[in-house]
Amino acid sequence: MNKRSIYGLTMDEWEDFVVTNGQPKFRAAQIFDWLYVKQVASFDEMLNVPKALKALMTNVFDFTTFEVVRHQEASDGTHKFLFRLPDKNTIETVLMKHAYGLSICVTTQIGCRIGCSFCASTIGGLVRNLEAGEIVGQVVHVARALQVRIGHVVVMGIGEPFENYGALTNFIHIINHDKGLNIGARHITVSTSGIVPKIYEFADDHKQVSLAISLHAPNDHLRTTIMKINRAYPLSDLMKAVRYYLKETKRRITFEYILMKDVNDLDEYAYQLAKLIKGMNCHVNLIPMNAVAELGLSRSSKSQVMRFKEILEKEKVNVTVRREMGANIDAACGQLRATERARQRDKAN
Ligand code: SAH
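We now turn to the structure provided with this report.

So, on to the overall build of the protein chain. Each helix and strand counted, the protein chain has twelve helices and 14 strands in total. In terms of C-alpha radius of gyration, the protein chain reaches 21 Å, essentially the compact-globule figure of 20 Å for 349 residues. With the C-alpha coordinates aligned to their principal axes, the bounding extent of the protein chain is approximately 65 × 55 × 35 Å. A total of 349 residues make up the protein chain; the buried ones form 53% of that total. Summarising the internal contacts of the protein chain: among those between residues at least 6 apart in sequence, 66% fall at separations of at least 24. When the accessible surface of the protein chain is summed, it comes to about 15,600 Å², and 50% of that surface belongs to carbon and sulfur atoms.

So, about the packing of aromatic side chains. A complete count under the given rule lists 13 aromatic pairs for this structure. The interplanar angle of 75 degrees and the centroid separation of 4.8 Å between the aromatic rings of Phe 43 and Phe 63 together place this pair among those described as edge-to-face. Highlighted residues: Phe 43 in the loop between helix H2 (26-37) and helix H3 (51-60) and Phe 63 in the loop between strand E2 (61-62) and strand E3 (67-73), separated in sequence by 20 residues. Of the two residues, Phe 43 and Phe 63, neither departs from the other in class, the shared state being buried. A ring pair is formed by Phe 162 and Phe 202, whose centres lie 5.2 Å apart and whose planes are at 50 degrees; its orientation type is tilted. Of this pair, Phe 162 sits in the loop between strand E9 (152-155) and helix H5 (165-176) while Phe 202 sits in helix H6 (residues 196-205), placing them 40 residues apart in sequence. No difference in accessibility class separates Phe 162 from Phe 202, as the two residues are buried. Grouped by ring-pair contacts, the aromatic residues Tyr 7, Phe 32, Tyr 36, Phe 43 and Phe 63 constitute a single cluster. Directly above the ring of Trp 34 sits Lys 38, whose terminal nitrogen or CZ lies 4.5 Å from the centroid.

Side chains that are three or four residues apart share a direction in an α-helix, a result of its 3.6 residues per turn. Buried within H6 we find Val 196, Ile 199, Phe 202 and Ala 203. The buried residues of H6 occupy an angular sector of 105 degrees when the element is viewed end-on, so they sit on one face. Considering only its buried residues, H6 is in contact with H5, strand E10 (188-192), strand E11 (210-214) and helix H9 (235-249).

To continue, consider the sheet that holds strand E13 (residues 282-288). Taken in spatial order, the ten strands make up an open sheet running E3-E4-E5-E6-E9-E10-E11-E12-E13-E14, and their pairing is mixed. What marks the edges here is a single partner per strand, and that holds for E3 and strand E14 (319-321). Sheet twist, expressed as the mean angle between neighbouring strand axes with direction ignored, is 20 degrees. Direction of pairing for strand E6 (residues 101-105) relative to E9: parallel, over a ladder of three bridges. Across the sheet, the residue bridging to Cys 105 is Val 154, located in E9. Packing of H6 onto the sheet brings it into contact with E10 and E11, and relative to E11 it is tilted by some 165 degrees. Helix H11 (residues 302-314) rests against strand E12 (253-259), E13 and E14 of the sheet, and its axis sits at about 165 degrees to E14.

It is worth spelling out the packing of helix H1 (residues 11-20) against H2 at this point. Following both chains from N to C, one finds H1 and H2 inclined at 125 degrees, their axes separated by 8 Å at the closest point. Our classification of the angle between H1 and H2 gives oblique. The element H1 and its partner H2 pack so that their crossing is right-handed. Residues Met 11, Trp 14, Glu 15 and Val 18 of H1 pack against Arg 27, Ala 28, Ala 29, Ile 31, Phe 32 and Leu 35 of H2. Grouping the constituent residues of the contact of H1 with H2 by class yields eight nonpolar, no polar and two charged.

A separate point is the site of the ligand. Taken together, 19 residues form the shell around the ligand, and within it Phe 118, Ser 191, Ser 214, His 216 and Asn 290 come nearest. Here a nitrogen atom of the ligand and a backbone polar atom of Phe 118 are 2.9 Å apart. Contact with the protein chains removes 95% of the 530 Å² of surface that the ligand exposes when unbound. Secondary-structure elements contributing two or more residues to the shell around the ligand are E10 and E12. Along the lines of polarity and charge, the residues of the shell around the ligand split into nine nonpolar, eight polar and two charged.

What counts, and where the lines are drawn
Residues numbered from 1 in each chain as written. Predicted model: local features only at pLDDT ≥ 70, side-chain atom pairs only at ≥ 80, totals over all residues. Heavy atoms only, no water. Helix = DSSP H or I, 4+ residues; strand = E, 2+ residues; numbered from the N terminus. Rg over C-alpha atoms; globule rule 2.2 N^0.38 Å. Buried < 20%, exposed > 50% of the residue type's maximum accessible area, 1.4 Å probe, protein only. Contact = heavy atoms within 4.5 Å. Areas by Shrake-Rupley, 256 points an atom, 1.4 Å probe, with all protein chains shown as cover. Phe/Tyr/Trp six-rings, centres within 6.5 Å; stacked < 30°, edge-to-face > 60°. Lys NZ or Arg CZ within 6 Å of the ring centre and 35° of its normal. Arc of directions from axis to C-beta. Pairing = 2+ DSSP bridges. Axes fitted to C-alpha atoms, helices over the stretch in contact; angles between N-to-C directions. Parallel < 35°, antiparallel > 145°, perpendicular 65-115°, else oblique. Left-handed = near helix turned anticlockwise from the far one by under 90°. Nonpolar A, V, L, I, M, F, W, Y, C, P; charged D, E, K, R; others polar. Near = heavy atom within 4 Å. Polar contact = N/O pair within 3.5 Å; in protein donor to acceptor, adjacent residues only side chain to side chain.

Here it is as structure tokens:
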């Protein structure tokens, strides 16, 4: 039987586990401290946990050791890890250095089934969901490997987090807990391609966590051509869910918009976008597209990016252009995993 990742339990679940096994509740906080404050890598190191309990834990849980297949560091301080999981699947995790501190970008699924036309993560489809412990494990492994404190998390790695909602929820509870990694809810951002029913759930369940929507087009016709998810959840439904989120959480929402040359970067789309989100408490993040060799799309010119931004500003939209990080190490959007899979294929042939 496969053991469960030790990083997959919330504090409540640890309390249940220790109490069920005849131990006082405070053991849960001790275990949390070993896992997330001291960040030990084995059961043996948990000095104040009784031997009998450790033996039980060893039977049930696994430390989910990730093998580091590749670790690259870019000149801007971005670190990119390609990890191999015990079942041989690979996942990628990126650490970015900002003025406000370190931010980690985590993966939630092995592959993805959403099928956006510009995204490398979707090539090859979905293999499986990650467990909560495998998502938390990325944060712990990177923090431990580099001996750093990570203050911000973006759920923008491979996968659609709202298609793995249960694991995402546990992940948030675990990394947010003040006796553990203590990453503030407002410092966690989840990005979705727009799975409408889950936006409502998220607004109800995670009021303090930031939400970003991968919009990428201001009308249904265009959005459906580049994101087929728009057929299931068209813009009218998406915007209704966004309004619900804004009303329930009183937070600001982010719209991500990758600029693709001659696809969605025309002036008229900037005007349409401004109209679509008019009056919302929101921010638009324009993303210079990372070209993915297999996908045949290219990025907008610098001048068109600036022009798009200026139109939005003129229309009173809050807008920024995403700073590019780690470009020289394939740090974008499933590229490292894709490159590695291509390498494996080449080796096999
Ligand atoms: N599935 C979720 C989260 C992962 S993608 C989502 O769609 O939001 C994180 C962000 O990277 C999304 O905004 C996504 O659209 C963007 N992205 C995907 N491929 C990209 C590419 N080739 N260049 C730039 N950004 C890309």
